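Understanding the architecture of this molecule
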Amino acid sequence: QVQLVESGGGLVQAGGSLRLSCAASGTIFSINTMGWYRQAPGKQRELVAVITSGDSTNYADSVKGRFTISKNNAKNTVYLQMNSLKPEDTAVYYCKVVTSIRREYWGQGTQVTVSS
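As the structure is a prediction and not an experimental result, all values here were calculated from the model. (Residues numbered from 1 in each chain as written. Predicted model: local features only at pLDDT ≥ 70, side-chain atom pairs only at ≥ 80, totals over all residues. Heavy atoms only, no water.)

Concerning the overall build of the protein chain
The helix and strand inventory of the protein chain stands at 0 helices and 11 strands. Its C-alpha atoms give the protein chain a radius of gyration of 14 Å, near enough to 13 Å, the size a compact globule of 116 residues would have. The C-alpha extent of the protein chain, read off along each of the three principal axes, is 45 × 25 × 25 Å. Looking at the protein chain residue by residue over its 116 residues, the buried ones come to 43%. (Helix = DSSP H or I, 4+ residues; strand = E, 2+ residues; numbered from the N terminus. Rg over C-alpha atoms; globule rule 2.2 N^0.38 Å. Buried < 20%, exposed > 50% of the residue type's maximum accessible area, 1.4 Å probe, protein only.)

Description of the state of the cysteines
Simply put, the disulfide is a covalent bond whose two ends are the sulfur atoms of two cysteines. Following the criterion strictly, the structure yields 1 disulfide and no others. Two residues, Cys22 and Cys95, share a disulfide whose sulfurs are 2.1 Å apart. Where Cys22 bonds to Cys95 through sulfur, the torsion about that S-S bond is close to -80°, and the disulfide is left-handed. Here Cys95 lies in strand β9 (residues 91-99) and Cys22 lies in strand β3 (residues 18-26), a separation of 73 residues in the sequence. Assigned by exposure class, Cys22 and Cys95 land together as buried. (Disulfide = S-S within 2.5 Å.)

Observations regarding the environment of Cys95
What makes Cys95 buried here is its relative accessible area of 0%. In this structure, the C-alpha to C-alpha distance between Cys95 and Ser21, residues 74 residues apart in sequence, is 8.6 Å. In this view, Cys95 contacts Leu4, Glu6, Cys22, Gly35, Trp36, Val78, Tyr105, Trp106 and Gly107; residues no more than four positions away in its chain are not counted. (Contact = heavy atoms within 4.5 Å.)

Here's the deal with the packing of aromatic side chains
Evaluated as defined, the whole model comprises 2 aromatic pairs. Ring centres of Tyr37 and Trp106 lie 5.0 Å apart, and the angle between their planes is 65°; on these two criteria the pair is classed as edge-to-face. With a gap of 69 residues between them, Tyr37 in strand β4 (residues 31-39) and Trp106 in strand β10 (residues 104-106) connect regions that are remote in the sequence. Under the relative-accessibility criterion, Trp106 is labelled partly exposed at 35%. Grouping aromatic residues by their ring pairs yields a cluster made of Tyr37, Tyr94 and Trp106. Across from the ring centre of Tyr79, 4.1 Å away, lies the NZ or CZ of Arg19, which sits over that ring. Sitting over the face of the ring of Tyr94, Arg45 holds its NZ or CZ atom 3.7 Å from the ring centroid. (Phe/Tyr/Trp six-rings, centres within 6.5 Å; stacked < 30°, edge-to-face > 60°. Lys NZ or Arg CZ within 6 Å of the ring centre and 35° of its normal.)

Focus on the pairing of strand β11 (residues 110-115)
Side chains Thr110, Val112 and Val114 of β11 all project onto a buried face; the interleaved residues Gln111, Thr113 and Ser115 project onto a face where none is buried. Strand direction decides the pairing type here: strand β2 (residues 10-13) and β11, joined by 4 bridges, are parallel. The residue of β11 that forms the bridge with Val12 is Val114. Pairing geometry for β9 and β11, over 3 bridges, is antiparallel. Bridge pairing in β11 links Val92 to Gln111. (Pairing = 2+ DSSP bridges.)

Encoded structure:
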């Protein structure tokens, strides 16, 4: 079993920055991808950014140039640096890990609120 613990959410003014962290623990054989998703009230959960075991990254168009995903393999931790935040970035942000045997694990979510 894999547990994901997220941290770093909060309230920030537009134009500000936040850094989210997600630490994976438990029985982890091999991680294929680590990613961040978000869900705003009344909307579907959407991909924000993902990073593969080979360090390839992919971003939603809405966050390109503002958000950066990175990871620390030794700590099984993925980060999301969010700069130039906008009110429309307000959402619950979830971490997701996909292992090499295609099992998916989700974090509990962390609230990010951007005030105008």
